[in-house]
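Remarks on the overall topology
What follows is each chain in one-letter form.
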Amino acid sequence: MNWEQLLSLKRFGDTNKRIRKEQDETRLGFEVDYDRVIFSSEFRSLQDKTQVIPLSETDFVHTRLTHSLEVSVVGRSLGRKVGQKLLKKYPHLQEVHGYQINDFGAIVAAAALAHDIGNPPFGHSGEKAIGEFFKSGIGKVYKTQLSDKQYQDLCDFEGNANGFKIITQNKLRLSYATLGAFMKYPKESLPKKPTNHIADKKYGLFQTEKHMFENVAEELGLKNRSEKDVSYARHPLAYLVEAADDICYTIIDFEDGINLGLIEEEFALEYLINLVRDNIKTETYYALNNKEERVSYLRALAIGTLIDEAVEIFMNNEEAILNGDFDCALFDKSKYEAQIDDIIKISVENIYQSEEVIDKEIAGYQIINKLLGVYTNAVNKSFDGTASNYDQLILKRLPETIDFSSDDLYERLLAVCHYVSLLSDSKAIMQYNKIRGINL
């Protein structure tokens, strides 16, 4: 892979090539990507979607929206720092083509901003709830009517693939460079985890976006990893998007746990200090008067430390990354791996598996299962011409912006899943209660 192709400004529908030197410096194409994501309705709905604590009533707990904004800020810093080093290593990118440091930051920031845009309500348990509806629930009946890959898309419903579906809609038309950086798992759902390569950990596109992604991959010059199935090497900047997310959920989710009292302050501060011990200014730290200030100081220091670490790892392995041979996340090569693992472990035990989180995830399963059952039944009966009056009423509540009437069963089922995935946590609860006749 080469950076000239990887930094493509092309958008779907372009008839002329977009040249970097001809860009308006006051409104660069990659910065337009960020703006389009920010103003999208799908991004706005993240303000009411779970990050760690579902439906939290406290102000300082992160939602998917605040998490995404923070990941984009970290991603911008990562991109700029890497861009600075890449332009020194490949001066022709700037001298001949006109690329600037900020271009790298803008691409990573836009992709990072959108990285959770496809996540359904109730966090990762929402993904699992959709999958289990088809794997072991009512939706299992559709298995024999779908291809193996179509059925696998539904059984392992993936927020990353749903996100790619969203950001490739005509109304967004993001640059191919940003689309590539967004794609952490540039493969279809089958074969499942064919190797231990990080790009094979999950999948990143539904069958409906298969040809669209192949077009993006060809333009970017992504390395093809399979002659039989859709599977490509990652866009190098996807490693930075992943690192930005890793930094934020490791450090900031941990901070949420401390502020909520789920992790004891003394214990937690020790873990953070272990991560930043080489950079901490003891006189500054001991001058802080309360828990929030101490945690905030250590959080900022930890994020800065991990940004610099990720940049160093990326540049040390840049050639392997370009060859598609770098097979793990950046922080799997980190000298801070043990400290990061310690923080994640205590977060899993005290936050992600807390009673409050588990109780609301259980409720989320019931809500999503009910919505999928009612909507898939109404949509398919309408297609067959057997819809009851109740089914017709349900259909009137579905948005006209999504096509539920396709002749293809897979596309109809995926449309319902896509619609449910776009609901915020509160909207999903409201619809569930209305269907059950509880709220009018």
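Below: a short report on this structure. These figures come from a predicted structure and were not determined experimentally. (Residues numbered from 1 in each chain as written. Predicted model: local features only at pLDDT ≥ 70, side-chain atom pairs only at ≥ 80, totals over all residues. Heavy atoms only, no water.)

Things to note about the overall build of the protein chain
Each helix and strand in the protein chain was counted, giving 21 helices and zero strands. For the protein chain, whose C-alpha radius of gyration is 22 Å, the value lies close to the compact-globule estimate of 22 Å for 440 residues. Projected onto its principal axes, the C-alpha positions of the protein chain cover 70 × 55 × 40 Å. Counting over 440 residues, the protein chain shows a buried share of 55%. The long-range fraction of contacts in the protein chain, counting pairs at least 24 apart against all pairs at least 6 apart in sequence, stands at 73%. (Helix = DSSP H or I, 4+ residues; strand = E, 2+ residues; numbered from the N terminus. Rg over C-alpha atoms; globule rule 2.2 N^0.38 Å. Buried < 20%, exposed > 50% of the residue type's maximum accessible area, 1.4 Å probe, protein only. Contact = heavy atoms within 4.5 Å.)

A short note on the packing of helix H13 (residues 265–276) against helix H15 (residues 291–316)
It is at 9 Å that the axes of H13 and H15 come closest, and there the two elements cross at 25°. One element, H13, and the other, H15, form an angle in the roughly parallel class. Classified by chirality, the crossing of H15 by H13 is left-handed. Facing Glu265, Leu269, Leu272, Ile273, Leu275 and Val276 of H13, the residues of H15 in contact are Lys291, Arg294, Val295, Leu298, Leu301, Ala302, Thr305 and Leu306. (Axes fitted to C-alpha atoms, helices over the stretch in contact; angles between N-to-C directions. Parallel < 35°, antiparallel > 145°, perpendicular 65-115°, else oblique. Left-handed = near helix turned anticlockwise from the far one by under 90°.)

Thoughts on the environment of Leu174
Summarising the element assignment, Leu174 is placed in the loop between helix H9 (159–167) and helix H10 (176–182). Between the alpha carbons of Leu174 and Asp403 there is a distance of 22 Å; along the sequence they are 229 residues apart. Leave out the neighbours within four places in its chain, and Leu174 touches Lys10, Arg11, Asp33, Arg36, Val37, Ile167 and Leu179.

A few points about helix H12 (residues 236–259)
When the terminal C-alpha atoms of H12 are compared, their 35 Å separation across 24 residues agrees well with the 34 Å that a helix rising 1.5 Å per residue should span. Counting buried positions over the 24 residues of H12 gives 23, a clear majority of the element. Positioned one or two residues after H12, Gly261 has a phi angle of 80°, which is positive. (Expected span 1.5 Å × (residues − 1).)

What about the side chain of Ser72?
Inspection of the secondary structure puts Ser72 in helix H4 (residues 64–89). For Ser72, a relative accessible area of 2% gives the class buried. Apart from the residues lying within four places of it in its own chain, the contact partners of Ser72 are Tyr34, Ala109, Ala112 and Leu113.

A closer look at the packing of aromatic side chains
The tally for this structure, following the rule as stated, stands at 13 aromatic pairs. A ring pair is formed by Phe164 and Phe213, whose centres lie 5.7 Å apart and whose planes are at 80°; its orientation type is edge-to-face. Of this pair, Phe164 sits in helix H9 while Phe213 sits in helix H11 (residues 210–220), and the two are 49 residues apart along the sequence. A single burial state applies to Phe164 and to Phe213, both of which are buried. (Phe/Tyr/Trp six-rings, centres within 6.5 Å; stacked < 30°, edge-to-face > 60°.)

Some points on unusual backbone geometry
Along the chain, Leu190 connects to Pro191 via a cis peptide bond; the corresponding omega equals 0°. For Pro191, the location among the structural elements is in the loop between H10 and H11. The phi dihedral of Lys193 is positive, around 45°, even though this residue is not glycine. Assessed through its relative accessible area of 54%, Lys193 is described here as exposed.

Brief notes about the nonpolar core
Soluble globular proteins tend to pack their nonpolar side chains together in the buried interior. Counting residues in hydrophobic clusters, the biggest one holds 93 residues, and the most contacted among them are Trp3, Leu78, Phe213, Phe254, Leu298, Phe314 and Leu330. The greatest single-element share of this core, amounting to 13 residues, is contributed by H15. When sequence neighbours within four positions are dropped, the list of residues in contact with Leu78 reads Leu240, Ala243, Ala244, Ile307, Ala310 and Val311. The next biggest cluster of nonpolar side chains, apart from the first, holds 40 residues, and it includes Phe206, Tyr375, Ile394 and Ala428. (Core = buried A, V, L, I, M, F, W, Y, C linked by side-chain atoms within 4.5 Å.)

Focus: a negative patch on the surface
A cluster of acidic residues, Asp327, Asp332, Glu337, Asp341 and Asp342, forms a negative patch at the surface. Following the sequence through the fold, Asp327 ends up in the loop between helix H16 (318–322) and helix H17 (337–352). (Patch = residues over 30% accessible without salt bridge, like charges linked within 9 Å, V, L, I, M, F, W, Y side chains within 5 Å. Areas by Shrake-Rupley, 256 points an atom, 1.4 Å probe, with all protein chains shown as cover. Salt bridge = Lys/Arg side-chain N within 4 Å of Asp/Glu carboxyl O. Lys, Arg positive; Asp, Glu negative; His and termini not counted. Charge placed at Lys NZ, Arg CZ, Asp CG, Glu CD.)

Overview of H13
Here H13 is twelve residues long and its end C-alpha atoms lie 16 Å apart, about the 16 Å a rise of 1.5 Å per residue gives. Within H13, burial applies to Ala268, Leu269, Tyr271, Leu272, Ile273, Leu275 and Val276. Contact partners of the buried residues in H13: H12, helix H14 (282–286), H15 and H17.

Describing the side chain of Thr178
Along the chain, Thr178 turns up in helix H10. For Thr178, a relative accessible area of 1% puts it in the buried group. Here the side chain of Thr178 touches Asp33 through a polar contact of 2.6 Å, side chain to side chain. Every residue in contact with Thr178, bar those within four places of it in the chain, is listed here: Phe30, Asp33, Ile107, Ala110 and Ala111. (Polar contact = N/O pair within 3.5 Å; in protein donor to acceptor, adjacent residues only side chain to side chain.)

Looking at the pattern of salt bridges
All told, the structure shown has 23 salt bridges when counted by the stated rule. For Asp308, the salt bridge is made with Lys81, and the minimal N-O distance between the two is 3.4 Å. Here Lys81 lies in helix H4 and Asp308 lies in helix H15, a separation of 227 residues in the sequence. The class of Asp308 is partly exposed, set by a relative accessible area of 43%. We classify Lys81 as partly exposed; its relative accessible area is 35%. Two residues, Arg294 and Glu265, come together in a salt bridge whose shortest N-O distance is 2.7 Å. In this pair, Arg294 sits in helix H15 while Glu265 sits in helix H13, placing the two residues 29 residues apart along the sequence. Exposure remark for Arg294: the relative accessible area of 18% places this residue in the buried category. Take Glu265: its relative accessible area is 25%, and that puts it in the partly exposed class.

Comments concerning the packing of helix H18 (residues 355–384) against helix H20 (residues 409–422)
Running from N to C, H18 and H20 point in directions that differ by 145°, and their axes come no closer than 10 Å. The interaxial crossing formed by H18 with H20 has right-handed handedness. Here H18 contributes Ile368, Leu371, Leu372, Tyr375, Thr376, Val379, Asn380 and Phe383 to the contact with H20, which in turn contributes Leu409, Arg412, Leu413, Val416, Cys417, Tyr419 and Val420. Tallied by class, residues from the contact of H18 with H20 come to twelve nonpolar, two polar and one charged. (Nonpolar A, V, L, I, M, F, W, Y, C, P; charged D, E, K, R; others polar.)

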